[in-house]
Amino acid sequence: MTNNPRSTPSEQPGRGEPSTARPGSSASPGSSASSGSSELPGSSGQSGSSASPAPSVPGSDEERLAELGYTQTLARRMSAFSNYAVSFTIISVLSGCLTLYLFGMNTGGPVLITWGWVGVGLMTLFVGLAMAEICSAYPTSAGLYFWAHRLAPPRSAAAWAWFTGWFNVLGQVAVTAGIDFGAASFLGAYLNLQFDFGVTPGRTILLFAAILFLHGLLNTFGVRIVAILNSVSVWWHVLGVAVIVGALTFVPDHHQSASFVFTEFVNNTGWGNGFYVVMIGLLMAQYTFTGYDASAHMTEETHDAATAGPRGIVQSIWTSWIAGFVLLLGFTFAIQSYDGALASPTGAPPAQILLDALGATTGKLLLLVVIGAQLFCGMASVTANSRMIYAFSRDGALPFSRVWHTVSPRTRTPVAAVWLAAAGALVLGLPYLINDTAYAAVTSIAVIGLYIAYVIPTLLRLLRGDDFRRGPWHLGRWSRPIGIVAVVWVVVITVLFMLPQVSPVTWETFNYAPIAVLVVLGFAAAWWLASARHWFLNPDHKRTIARNTPR
């Protein structure tokens, strides 16, 4: 492996312009556009208003990346569809919807499973639209923390970027843990049905570690295979949802009533306040809608990145919104015994629903379809996670950064970052050995970390106002109202998912999401105050110069 070449101080965020420019100044890329356009959201053109000059678009993706301050190191092989496929695969309705289906059954029941998905999907679309506009302006694998640096006031830009990056790393690692832990749970359920495999916390952790190891190997040695599998994954998910819902619709002799699916409320949390249960129950849907920032992190490997990246973000959300709604209706209508599914020896109610509704043979076959989708999802999550770690360590923001941003000369991928992503995910899943609600806590950490990182650039974009240089894909006059809705929503869910999920609160049921968030935030804050504030994204500091000097 070789170190990623970044030979000059000018290759830092905010330094791709002439040497006198600073992020936020009139010479920076983020400085010269107005929101006075009249186009609809998602427009790829520019308005004719003299107050909103069109950005100068470099002749190639590599030139635009150089303008942003980075050299092209990763191989640019991905098409727009492949970029979309990564985000769609990480959202993975066959993973998120089903691995937290047990949580939904206990925390609100059918009414929240159904309508919670509709409402959360709409709010997520607002967040994604706001992100996509910024992605078009700054198509780099650094993604969210780079955007924060460009959009923040110059004096505080490095601090905004630092904490955005750390929240993003936390969320990315947690979402990888959540996906592969969910896959381990469903694989355990299948092994229980097929081979009478006893499902215990220890065995689930072993399966979890094995799946992470597999995904690490694929992202290390099978880079081209990963790209192909990401494209296959889209059709696996679409056809898988169609086949599963079709079978659950036409095979069972009995279905639940529409009244049950759309109005039945269930509260097995121990909390007496129904509104509180409804609000914390939104986690099932919101966790599923995570990971679509992968389209931004893959832009340095995508052709026509300034358009393909934002489209990948938005398209992955709305297609998952539709597919997930259909999938959840199919499963909830097909429940044969609610209590029986909750008490399933497999530990996975969706597996029991398939067995009860379709019989053992068909049920186990379709369970394999679900597990396959979850494995696709985890593989793509490790890919995106490693790119974020690579980019953040490229700017020295992680301990031992020189190790994590090395690139394999054979595959031109950040191999060390791949294994750090897998190891970090394993660590986050280990509390399951002693904590019954660990999986819900991991998913809460994923949502909190990712969505705080998602919305900080949007907040800074709103504060910046008209002083923003748009990319070819933008929201026009809808930018501000969409951004406001996105920020308010993220504030709400950040508070919600730190709250206790089960009563009474004991060591076995404690939601450790706030602890994990505070530990990471405390570490990042301490490092920032002690050292990083002097050198992070400061190209003139001797530490930055030493880090960027090839050995």
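So, how was this worked out
Residues numbered from 1 in each chain as written. Predicted model: local features only at pLDDT ≥ 70, side-chain atom pairs only at ≥ 80, totals over all residues. Heavy atoms only, no water. Helix = DSSP H or I, 4+ residues; strand = E, 2+ residues; numbered from the N terminus. Buried < 20%, exposed > 50% of the residue type's maximum accessible area, 1.4 Å probe, protein only. Contact = heavy atoms within 4.5 Å. Phe/Tyr/Trp six-rings, centres within 6.5 Å; stacked < 30°, edge-to-face > 60°. Lys NZ or Arg CZ within 6 Å of the ring centre and 35° of its normal. Core = buried A, V, L, I, M, F, W, Y, C linked by side-chain atoms within 4.5 Å.

**What about the side chain of Thr107?**
- Take Thr107: it is sitting in strand 2 (residues 107-108).
- Judged by its relative accessible area of 3%, Thr107 falls in the buried class.
- For Thr107, the residues in contact, after removing those within four places along its chain, are Leu112, Val266, Thr269, Val277, Ile280 and Gly281.

**Remarks on the packing of aromatic side chains**
- Inspection of every chain in the model, using the stated rule, returns 36 aromatic pairs.
- Centre to centre, the rings of Tyr138 and Phe146 are 6.0 Å apart; their planes meet at 65 degrees, and the pair counts as edge-to-face.
- With relative accessibility at 0%, the residue Tyr138 sits in the buried group.
- Joined through ring pairs, the aromatic side chains of Tyr145, Trp162, Phe163, Trp166, Phe392, Phe523, Trp527, Trp528, Trp535 and Phe536 make up one cluster.
- Residue placement shows Arg203 over the ring face of Phe197; its charged tip is 5.0 Å from the ring centre.

**What about the nonpolar core?**
- Judged by nonpolar contacts, the single largest core of 164 residues is most densely connected at Trp162, Leu327 and Phe536.
- Per element, the largest residue contribution to this core is 20 residues, and it comes from helix 7 (residues 157-195).

**Digging into unusual backbone geometry**
- The omega torsion of the bond from Ser503 to Pro504 falls at -5 degrees, within 30 degrees of zero and hence cis.
- Even without being glycine, Ser92 reaches a positive phi, approximately 40 degrees.

Function-wise, these values are silent; they only describe arrangement.
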